[in-house]
Amino acid sequence: MKTLVKTFAAAALIAVSTFAMAAEGPGSKATKANVNLSTADFALEHYVAVTTAGESAGVEQLFAEDFNQKIQATNAQSNSRSAVVKLLKKQKGEKLNCTVSTDIIEESADYMVAKVTLKFENFTKTDLVTLERVGNDWKVSKSINSYK
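Not measured: the values here are computed from a predicted model.

I'd like a description of the overall build of the chain, backed by residues and values.
A tally of regular secondary structure across the chain gives five helices and six strands. Of the regular secondary structure in the chain, the N- to C-terminal order runs α-α-α-α-β-β-α-β-β-β-β. Restricting to contacts in the chain with at least 6 residues of sequence separation, those with at least 24 account for 45%. Element-wise, carbon and sulfur atoms account for 56% of the exposed surface of the chain, whose accessible area totals about 9,700 Å².

Below you can see the structure in the form of structure tokens.
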């Protein structure tokens, strides 16, 4: 009798855990990834990983609701938060073939302006990034790109 009870208990435990995993659905762990953005340095580091190394965890969490990206080129462009997030998600796992350097231009308790330079073989991309404290996290609020 004890063996029968143990067998039913084990079967019930397996069934419950299977249903719990199925309820999560595929890919739900990637969308729920929580990235540490408690400091401006962590947020900047994550921004560089997202934009240059194909990191996709916490992309939505990284950008402020009013994020705007401007691209200074022969035909200037402006991209919304949703367009940038969508593009970065498409680039998941793609690493850019460049050297990256970051310089902090200005920093205070609630904001940071950083210069991220990406040197490719034939050109250089400069990204001026503004980060702001939003509650307990830091978010990227603006990005201005130029090319040489």
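We are not done yet, so read on.
So what about helix α5 (residues 81–90)? Which residues, and what values?
Three or more residues of α5 are buried, namely R81, V84, V85 and L88. For α5, the buried positions fall inside an angular range of 100° around the axis, keeping them on one side. The exposed set on the far side of α5, more than 90 degrees from its buried face, consists of S82, K86 and K90. Its buried side turned inward, α5 meets α3 (40–52), α4 (59–62), β1 (63–72) and β2 (77–80).

So what about the nonpolar core? Which residues, and what values?
Within the largest apolar cluster, 24 residues are counted, with the highest numbers of intra-cluster contacts made by L62, F63, M112, L131 and V140. Put simply, the parts of the chain that give this core at least two residues each are α3, α4, β1, α5, β4 (111–119), β5 (124–134) and β6 (137–147). The element best represented in this core is α3, accounting for six residues. Excluding residues within four positions of it along the chain, F63 makes contact with Y47, R81, V84, V85, L88, K139 and V140.

An account of the side chain of T117 is requested, with residue identities and associated values reported.
Within the element layout of this structure, T117 appears in strand β4. The residues contacting T117, other than those within four sequence positions of it, are T99, V100, S101, T124 and K125.

Quick rundown of the packing of aromatic side chains? Include the residues and the values.
This model, assessed by the stated rule, comprises four aromatic pairs. The rings of Y47, F63 and F67 are connected pair by pair, giving a single aromatic cluster.

Requested: an account of the pairing of β5, with residues and values cited.
Judged from the nine bridges that link them, β4 and β5 form a sheet pairing that is antiparallel. Across the sheet, the residue bridging to V116 is D127, located in β5. The hairpin formed by β4 and β5 contains four residues between the paired strands. Connecting β5 to the next strand, β6, in antiparallel fashion are two residues, including G135 with a positive phi near 65°.

How would you sum up the sheet that holds β1? Please name residues and give values.
Read from one edge to the other, the open sheet built from six strands follows the order β2-β1-β6-β5-β4-β3, with strand pairing classed as mixed. The open sheet has two edge strands, β2 and β3 (99–107), and neither has a second partner. Sheet twist, expressed as the mean angle between neighbouring strand axes with direction ignored, is 20°. Docked against the sheet, α3 engages β1, β3, β4, β5 and β6, running at close to 30° with respect to β4. Against the sheet, α5 engages β1 and β2, with an angle of about 80° to β1.

Go over α3 with me, naming the residues and quoting the values.
Taking 1.5 Å of rise per residue, 13 residues should cover 18 Å, and α3 covers 18 Å from first to last C-alpha, within 8% of that figure. Taken together, the buried positions of α3 are A40, A43, L44, H46, Y47, V48, V50, T51 and T52. G54 sits one or two positions beyond α3 and adopts a positive phi of about 75°.

Can you break down the pairing of β6 residue by residue, with the values?
Relative to β6, β1 is paired through six bridges, and the arrangement is parallel. Its bridge partner lying in β6, I71 is registered against N145.

Reading the values: the criteria
- Residues numbered from 1 in each chain as written.
- Predicted model: local features only at pLDDT ≥ 70, side-chain atom pairs only at ≥ 80, totals over all residues.
- Heavy atoms only, no water.
- Helix = DSSP H or I, 4+ residues; strand = E, 2+ residues; numbered from the N terminus.
- Contact = heavy atoms within 4.5 Å.
- Areas by Shrake-Rupley, 256 points an atom, 1.4 Å probe, with all protein chains shown as cover.
- Buried < 20%, exposed > 50% of the residue type's maximum accessible area, 1.4 Å probe, protein only.
- Arc of directions from axis to C-beta.
- Core = buried A, V, L, I, M, F, W, Y, C linked by side-chain atoms within 4.5 Å.
- Phe/Tyr/Trp six-rings, centres within 6.5 Å; stacked < 30°, edge-to-face > 60°.
- Pairing = 2+ DSSP bridges.
- Axes fitted to C-alpha atoms, helices over the stretch in contact; angles between N-to-C directions.
- Expected span 1.5 Å × (residues − 1).

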